[in-house]
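Chain residues, written in single-letter form:
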Amino acid sequence: MEIEEGTEMEVEECRTENSIKRFGLKNSIQTNFGDDYVFQIVPKNDWSLMAVSLSTNAVKLYSPVTGQYYGECKGHSTTINQIYFSGPSTPHVLHSCSSDGTIRAWDTRSFQEVSSISAGSSQEIFSFSFGGSADNLLAGGCNSQILFWDWRNKKQIACLEESHFDDVTQVHFAPHHQNKLVSASVDGLICIVDTDGDIDDDSLESVMNVGTSIGKVGFFGETYQKLWCLTHIETLSIWSWRDGQNEASFENARSLASDGWTSDHVDYFIDCHYSGEGENLWVIGGTSAGTVGYFPVNYKGEAKIGSPEAVLGGGHTDVVRSILPMSSMQSRPTQSHGIFGWTGGEDGRLCCWRSDDSSEINRSWISSAMVIKSPNTRKKNRHHPY
Amino acid sequence: MSSKLSSEALREAISTICGDAKEKKRNFVETIELQIGLKNYDPQKDKRFSGSVKLPHIPRPKMKVCMLGDAQHVEQAEKIGLDYMDVEALKKLNKNKKLVKKLAKKYHAFLASEAVIKQIPRLLGPGLNKAGKFPTLVTHQESLEAKVNETKAMVKFQLKKVLCMGVAVGNCSMEEKQIFQNVQLSVNFLVSLLKKNWQNVRCLNLKSTMGRPQRIY
């Protein structure tokens, strides 16, 4: 197999030309045979597993390299809102939070629930994060409250009820600043809370008013001092969270992204992508028909969204809800196995995208086999379809 | 995507609503609400339908706004007859929860200068957050009056567990043409956020506070 270059290199290469990198579909897996959606895809630390949350209220586990299905973690009684693999100290453990008011831990070797923390049955938990200066905190974003537990003894140590007045859709401890918690809510506010010492109303350090219901936020930049923010009305804004400053606002983000896309139109955003180096950010947008595009965000000086640099088409037939690029893997690019990444959507599919150049493929097929065929076999089939 | 909202049906509905409101005079100005019924949408699986939109014309005239300003903004606020408070006045509240709550109740919305907005958590605590009234930033590069009008023209929409919701789009003392524009813009904007656009819309009604719902789609 050829040695592929790192994926972020490929994306940057074509920025100067007007060519769009089209990633070909390597394989497509149907996660269920009903109308259920794929919500989120997260990798295990060593990338030997990827966990996929579904609207069936369960999490399925697959190999991110072969697509092989391993098993299912069942237990939540309603919508799973976030999943996340544990740190290197307990690598087999997967965490999930749900509208059933619990944050659960699962052993991915046995698919059994090993632990559960409850916020009470009347609370929904939309997001969770591990952190704190002493690495002992678990924060949960609920229906306006932010709850804090010491995960070592499962004791609830604080409840912030005043920072938000609507669902807290995101909580994240900041990279390099383990004591700072960033929370974002349907109420349109991003709050920074200092979790050192007693956590109470005085812990609220700063508030950024985005002005409309917030869906997702994420850190980027050399020292992760910047925050991108995607709202439910599909607008994007960039913030410097340390000083609470707004750096750029893209009110008509969908139109801006679509302007540079001759063949299609962005209907919604899925995520933002940071390569891990420098300060370059991409916003990932999709069409209702399931095509995905990576758009470079220019937030310094004139706020602009550039033409798509990469397009993933012919894989999904419905809204795409998550994307997992192999480039976020810390190891050497040669280990990405020629895979650009995975996407999951409302068609219930998991699509695997090839990182070698393949612009001829514009049709998808669903593989009933759970294992990806080797690239050589596939190439042969392409020329002899019958 | 062309709008499926018939201009004719909309004009007629607005005419009826305004006519009915004039006939039976109330001692308050009735709000006009756009009621949206959705279909083929699952609140548990589909993406959240929630946010704020700026309407072309201010729907609620009597919205009270307060400027939490630096020296320059305080001066401007005074000139345009806008209520204001400076940092000293905020300090006097001494982060007292009851006083902050009282302040929050007094106004529908707050604006704040850059220098002041950063101090709010320290000066007032999270009281304004809890009331849903954390201030919106106003810079010195923009007109204060324009910002006040922009704030007054923002309306929130949020679909919860059921498939219907209402959005304030006007009031009975507005010109029919203005109500028309507000409804058109909000409908087109909201439909653009739905995965199946018009296929997700079951029905649209317009209703004044005391009046009968008028179907427009």
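Scroll up to find the structure.
First, a word on scope: everything that follows refers to the structure included in this document. Not measured: the values here are computed from a predicted model.

Next up on the list: the packing of helix α1 (residues 7-23) of chain B against helix α9 (residues 176-193) of chain B. Residues and elements named next belong to chain B. For the pair α1 and α9, the least separation of the axes is 10 Å and the interaxial angle reads 130 degrees. With respect to their mutual orientation, α1 and α9 come out oblique. Classified by chirality, the crossing of α9 by α1 is right-handed. The residues of α9 that touch α1, namely those facing Ser7, Leu10, Arg11, Ile14, Ser15 and Cys18, are Glu176, Ile179, Phe180, Val183 and Gln184. Broken down by class, the residue content of the contact of α1 with α9 amounts to six nonpolar, three polar and two charged.

A separate point is the interface of chain A and chain B. Of the residues lining the interface, 44 residues belong to chain A; the matching set on chain B comes to 29 residues. Roughly 3,000 Å² of surface becomes buried between chain A and chain B when both sides are summed, with 45% attributable to carbon and sulfur atoms. Three residues stand out in chain A for area buried against chain B, namely Glu162(A), Phe165(A) and Ile233(A), and they jointly supply 18% of the buried area on that side. Our count for the contact surface shared by chain A and chain B stands at seven salt bridges. Among the ionic pairs, Glu234(A) bridges to Lys47(B), the shortest N-O distance being 3.6 Å. The element best represented in the side of chain A that touches chain B is strand β17 (residues 204-209) of chain A, accounting for five residues. Here the residues of the side of chain A that touches chain B are counted per class, giving 13 nonpolar, 15 polar and 16 charged.

With that settled, the discussion passes to the nonpolar core. One finds Leu34(B), Phe49(B), Phe157(B), Val183(B), Leu204(B), Leu206(B) and Ile216(B) to be the most contacted residues of the largest nonpolar core, which totals 38 residues. At the level of elements, α1, β1 (31-38), β7 (154-158), β8 (164-171), α9 and β9 (201-208) of chain B are the ones that each hand at least two residues to this core. The element that contributes the greatest number of residues to this core is α9(B), accounting for seven residues. Leave out the neighbours within four places in its chain, and Val183(B) touches Leu5(B), Leu10(B), Leu34(B), Val169(B), Leu206(B) and Ile216(B). Formed by 35 residues, the second largest nonpolar core is a distinct cluster that contains Phe173(A), Val193(A), Leu90(B) and Ala112(B).

With that settled, the discussion passes to the sheet that holds strand β8 (residues 102-107) of chain A. All names here are of chain A. If you trace the four strands from one edge of the open sheet to the other, you get β6-β7-β8-β9, paired in antiparallel fashion. Edge positions in the sheet fall to β6 (80-85) and β9 (112-118), since each of these pairs with one other strand and no more. Pairwise comparison of adjacent strand axes, ignoring direction, gives a mean angle of 20 degrees for this sheet. Here five bridges tie β6 to strand β7 (residues 93-98), and the two strands are oriented antiparallel to one another. Pairing of Ile80 across the sheet is with Ser98, part of β7.

Tallying each qualifying case throughout the model produces 15 aromatic pairs over all chains. Ring centres of Phe23(A) and Phe340(A) lie 4.1 Å apart, and the angle between their planes is 20 degrees; this geometry places the pair in the stacked category. Of this pair, Phe23(A) sits in strand β1 (residues 21-30) while Phe340(A) sits in strand β28 (residues 339-345), placing them 317 residues apart in sequence. Ring geometry for Trp261(A) versus Phe295(A): centroids 5.5 Å apart, planes at 70 degrees, classification edge-to-face. Linking Trp261(A) in the loop between α2 (253-259) and β22 (268-274) with Phe295(A) in strand β24 (residues 292-298), this pair joins segments that are 34 residues apart in sequence. Of the two residues, Trp261(A) and Phe295(A), neither departs from the other in class, the shared state being buried. One aromatic cluster is present, formed by Tyr84(A), Phe128(A), Phe130(A) and Trp151(A) through successive ring pairs. Above the face of the Phe126(A) ring, Arg48(B) is positioned so that its terminal group lies 4.8 Å from the ring centre.

With respect to the helices, strands and loops of the structure, His232(A) is situated in the loop between β19 (226-231) and β20 (236-240). A polar contact of 2.6 Å, which involves the side chain of His232(A), links it to the side chain of Ser213(A). Once residues within four sequence positions are removed from consideration, His232(A) is found in contact with Thr169(A), Val186(A), Ser213(A), Ile214(A), Gly215(A), Arg48(B), Ser50(B) and Leu193(B).

Quick look at α1(B) now. Since the α-helix packs 3.6 residues into each turn, any two residues three or four apart lie on the same face. Compared with an ideal rise of 1.5 Å per residue, which puts 17 residues at 24 Å, α1(B) spans 24 Å between its outermost C-alpha atoms and is within 8% of the ideal. Check the buried side of α1(B) and you find it contacts β1, α9, β9 and β10 (214-215) of chain B.

A word on the pattern of salt bridges. A side chain of one charge can pair with a side chain of the opposite charge when the charged atoms of the two come close. For the coordinates displayed, the defined rule picks out 22 salt bridges over all chains. The residue Lys97(B) makes a salt bridge to Asp201(A) at a minimum N-O spacing of 3.1 Å. On the criterion of chain membership, the pair formed by Lys97(B) in helix α4 (residues 97-106) and Asp201(A) in the loop between β16 (189-194) and β17 is interchain, its members lying in two chains. Close ionic contact of Asp202(A) with Lys95(B) constitutes a salt bridge, the shortest N to O distance being 2.8 Å.

Residues and elements named next belong to chain B. Tallying each qualifying case throughout the model produces zero disulfides over all chains. The structure places no disulfide on Cys18, whose sulfur is separated from the nearest cysteine sulfur, that of Cys172, by 5.4 Å. Take Cys18: its relative accessible area is 3%, and that puts it in the buried class.

This brings us to α9(B). Over its 18 residues, α9(B) runs 26 Å from end to end, which matches the ideal 26 Å to within 8%, given 1.5 Å per residue. Among the residues of α9(B), Ile179(B), Phe180(B), Asn182(B), Val183(B), Ser186(B), Val187(B), Leu190(B), Val191(B) and Leu193(B) are the ones counted as buried. All buried residues of α9(B) project into a common sector of 170 degrees when viewed along the axis, lining one side. In this fold, the buried residues of α9(B) make contact with α2 of chain A together with α1, β1, β7, β8 and β9 of chain B.

All names here are of chain A. With antiparallel pairing, the four strands of this open sheet are ordered in space as β14-β15-β16-β17. Strands at the two margins of the open sheet, each flanked by one partner only, are β14 (168-174) and β17. Pairwise comparison of adjacent strand axes, ignoring direction, gives a mean angle of 20 degrees for this sheet. Looking at chain direction, strand β15 (residues 177-185) and β16 are connected through five bridges and run antiparallel. Residue pairing in the sheet places Lys180 in a bridge with Asp194 of β16.

This next bit is on the pairing of strand β11 (residues 137-141) of chain A. Residues and elements named next belong to chain A. Of all five residues in β11, five are buried; the element is thus mostly enclosed. The two faces of β11 match: Leu137, Ala139 and Gly141 on one face and Leu138 and Gly140 on the other face are all buried. Linking strand β10 (residues 127-131) back to β11 in an antiparallel pair, the connection comprises five residues, with Gly132 at a positive phi of about 95 degrees. Counting the residues that bridge the hairpin from β11 to strand β12 (residues 146-150) gives four residues, and of these Ser144 lies at a positive phi of roughly 85 degrees.

Rules of the game
Residues numbered from 1 in each chain as written. Chains lettered and ligands numbered in written order. Predicted model: local features only at pLDDT ≥ 70, side-chain atom pairs only at ≥ 80, totals over all residues. Heavy atoms only, no water. Axes fitted to C-alpha atoms, helices over the stretch in contact; angles between N-to-C directions. Helix = DSSP H or I, 4+ residues; strand = E, 2+ residues; numbered from the N terminus. Parallel < 35°, antiparallel > 145°, perpendicular 65-115°, else oblique. Left-handed = near helix turned anticlockwise from the far one by under 90°. Contact = heavy atoms within 4.5 Å. Nonpolar A, V, L, I, M, F, W, Y, C, P; charged D, E, K, R; others polar. Buried area = accessible area lost by both parts, 1.4 Å probe. Salt bridge = Lys/Arg side-chain N within 4 Å of Asp/Glu carboxyl O. Core = buried A, V, L, I, M, F, W, Y, C linked by side-chain atoms within 4.5 Å. Buried < 20%, exposed > 50% of the residue type's maximum accessible area, 1.4 Å probe, protein only. Pairing = 2+ DSSP bridges. Phe/Tyr/Trp six-rings, centres within 6.5 Å; stacked < 30°, edge-to-face > 60°. Lys NZ or Arg CZ within 6 Å of the ring centre and 35° of its normal. Polar contact = N/O pair within 3.5 Å; in protein donor to acceptor, adjacent residues only side chain to side chain. Expected span 1.5 Å × (residues − 1). Disulfide = S-S within 2.5 Å. Arc of directions from axis to C-beta.

Such coordinate-based values are descriptive only and should not be taken to indicate function.
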